[in-house]
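A structural walkthrough
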Amino acid sequence: MHSRSELDLAAIRADFPRTRHAVYLDHASSHPVSVHTAAALHRYADWLLHDVGEPWWPAWAGPRDRSRHLFAELIHASPQEVAYARSTVESESNLLNGMAEFLGDGNVVTHDLHYAPSLYNYEVRRKNGLDVRIARHRDWRYDVDELARHVDRQTRLVAISLVSNVNGAVADVRAISQVAHDHGALLYADIIQAAGAVPIDVKDMGIDLAACSTFKWLMGVKGFGFLYVRADLQGQVVRPSQPSGGVQFNYQPWTAAADPHLPAISWNPTAGPAQYEVSYPSYEGLLSSQESLAYILRLGVPGIRAHVRSLTDRLQQELPALGYTSITPPSQDSPICAFTSPDPTATLERTRRAGIHVAMRFGNKLRLSPSVYNDHDDIDRLLAALR
Ligand SMILES: Cc1ncc(COP(=O)(O)O)c(C=O)c1O
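The text that follows walks through the structure, step by step, so that each part is easy to find. Worth saying up front: this structure is predicted, and the values here are computed from it rather than measured.

**Section: the packing of helix H12 (residues 344-353) against helix H13 (residues 376-386)**
In the contact formed by H12 and H13, the axes pass within 9 Å of each other and the chain directions differ by 130°. Our classification of the angle between H12 and H13 gives oblique. As H12 packs across H13, the resulting crossing turns out to be right-handed. On H13, the residues touching Thr347, Arg350 and Thr351 of H12 are Leu382, Ala385 and Leu386.

**Digging into the site of the ligand**
In the neighbourhood of the ligand, the contacting residues comprise Ser87, Thr88, Val89, Tyr115, Ser161, Asn165, Asp190, Ile192, Gln193, Ser213, Phe215 and Lys216. Contact between the ligand and Val89: an oxygen atom at 3.0 Å from a main-chain N or O atom of the residue. Asp190 is positioned with one of its side-chain polar atoms (N or O) 2.6 Å from a nitrogen atom of the ligand. In isolation the ligand exposes 400 Å². Once the protein is present, 86% of that is buried.

**Brief notes about the nonpolar core**
If you look at the biggest cluster of nonpolar residues, it comprises 71 residues, and the most contacted ones within it are Phe71, Val158, Ile160, Ile191, Ile200, Leu218 and Phe226. Each of domain 1 (9-25 + 300-386) and domain 2 (43-244 + 270-297) contributes no fewer than three residues to this core.

**A few points about the layout of surface pockets**
Its boundaries defined by the atoms lining it, the largest pocket holds a volume of some 460 Å³. What lines the largest pocket is a set of 24 residues, and nearest its centre among them are Tyr84, Ala85, Tyr276, Glu277 and Val278. Broken down by secondary-structure element, the contributors of at least two residues to the lining of the largest pocket are strand S2 (82-85) and helix H4 (88-98). Ranked by residue count, the leading element in the lining of the largest pocket is H4, at four residues. Considered class by class, the residues forming the lining of the largest pocket number 11 nonpolar, eight polar and five charged. By volume, the second largest pocket is sized at about 230 Å³. In the lining of the second largest pocket, the residues fall into eight nonpolar, five polar and five charged. For the lining of the second largest pocket, the domains that each give at least three residues are domain 1 (9-25 + 300-386) and domain 2 (43-244 + 270-297).

**Overview of the sheet that holds strand S11 (residues 325-326)**
The sheet built from four strands is open, its strands ordered S11-S12-S15-S14 with antiparallel pairing. This sheet does not close on itself; its edge strands, each paired only once, are S11 and strand S14 (359-361). Sheet analysis places strand S12 (residues 337-340) next to strand S15 (residues 365-368), joined by four bridges and oriented antiparallel. Directly across from Phe339, in S15, lies its bridge partner Leu366. Contacting S11, S12 and S15, helix H11 (residues 301-318) crosses the sheet at an angle of about 15° to S12.

Thresholds applied
- Residues numbered from 1 in each chain as written.
- Predicted model: local features only at pLDDT ≥ 70, side-chain atom pairs only at ≥ 80, totals over all residues.
- Heavy atoms only, no water.
- Axes fitted to C-alpha atoms, helices over the stretch in contact; angles between N-to-C directions.
- Helix = DSSP H or I, 4+ residues; strand = E, 2+ residues; numbered from the N terminus.
- Parallel < 35°, antiparallel > 145°, perpendicular 65-115°, else oblique.
- Left-handed = near helix turned anticlockwise from the far one by under 90°.
- Contact = heavy atoms within 4.5 Å.
- Near = heavy atom within 4 Å.
- Polar contact = N/O pair within 3.5 Å; in protein donor to acceptor, adjacent residues only side chain to side chain.
- Areas by Shrake-Rupley, 256 points an atom, 1.4 Å probe, with all protein chains shown as cover.
- Core = buried A, V, L, I, M, F, W, Y, C linked by side-chain atoms within 4.5 Å.
- Buried < 20%, exposed > 50% of the residue type's maximum accessible area, 1.4 Å probe, protein only.
- Domains from an automatic or database assignment.
- 1 Å grid on protein atoms, 1.4 Å probe; cavity = no way out; pocket = protein on both sides within 12 Å on 5 of 7 lines; lining within 4 Å.
- Points joined across faces, edges and corners; volume = space filled by probe spheres on them.
- Nonpolar A, V, L, I, M, F, W, Y, C, P; charged D, E, K, R; others polar.
- Pairing = 2+ DSSP bridges.

This is the structure:
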């Protein structure tokens, strides 16, 4: 029978009112926020309406650093290794810019199961002279041997998605990290399809650099996220690509009276994760992620994972008999499973009529990504609609 988890599913479903109207199975695109996160955003909207500027950071909010600490706990990093960021793709691009000297005339190895806009970024850099090598999947898997074929002593960076948005394939990140490190290269992981959904331990997994934003499995908003940079790489190997702050002017208009003992300009470069942060962070992002990260940590990622696995296991077992061919490797620690649909138009028509929201990507690929509040009745409804 279906595996049962320790989670209080009725309470979790009540936290996500979307469960009352429809069966939503597309969290790999965007996750709804919980009622708790929505309440935080409502408080923020009220502050914008009535109190903005007094004080500068809402007095009722937790410390501005709280999300940094919660995210660090989630991925087993130090808060000193976590910077606020605007998005995943922008962070990866900023890292590449900040690593220009380290990359030198070396090469970057990436993978065709990585996110398409990131591959686009690499293709443009290839046009501009960077040696970029793209390993291909084999049977819809990350194949470590195939990837290793592209890595040599000139490789500086290996860049992958930990969980692929295409089909949910999970990279064997420890083995890939080993290959990278054996050749003196670093490993970057796009963790947006993993963070909040599967356990992540960046140290244990050998991940040197990572990024994600919060609108998927972190149950937050778009345009806000996190960048992880291993402590010993900060500043030297990974320089800030957009320098900001760290300068004091000792002349008008910047001071009431110039101090004759100080130079006109004093430099005090920003250290730690703040060196990668430019401008104000998104307050919507900070406040919503305070709520949602605390929520996820309260439920516990292993419990979330065990529950979602019971749902995706059923999909993997039962959809092939209905004519849907799985393109997700079995027994993966992934919240996503994908299938080629024999008739994508009919599939979408049937699911829509049944009030079920799924994704049809890249022409004929039915992508299903249940989350912690979905239940086996949701899966029953989907299977009935496709029967
Ligand atoms: C693997 C992957 N990376 C990145 C993104 C985009 O994230 P962002 O808007 O944070 O760049 C997505 C989804 O939209 C994704 O699936």
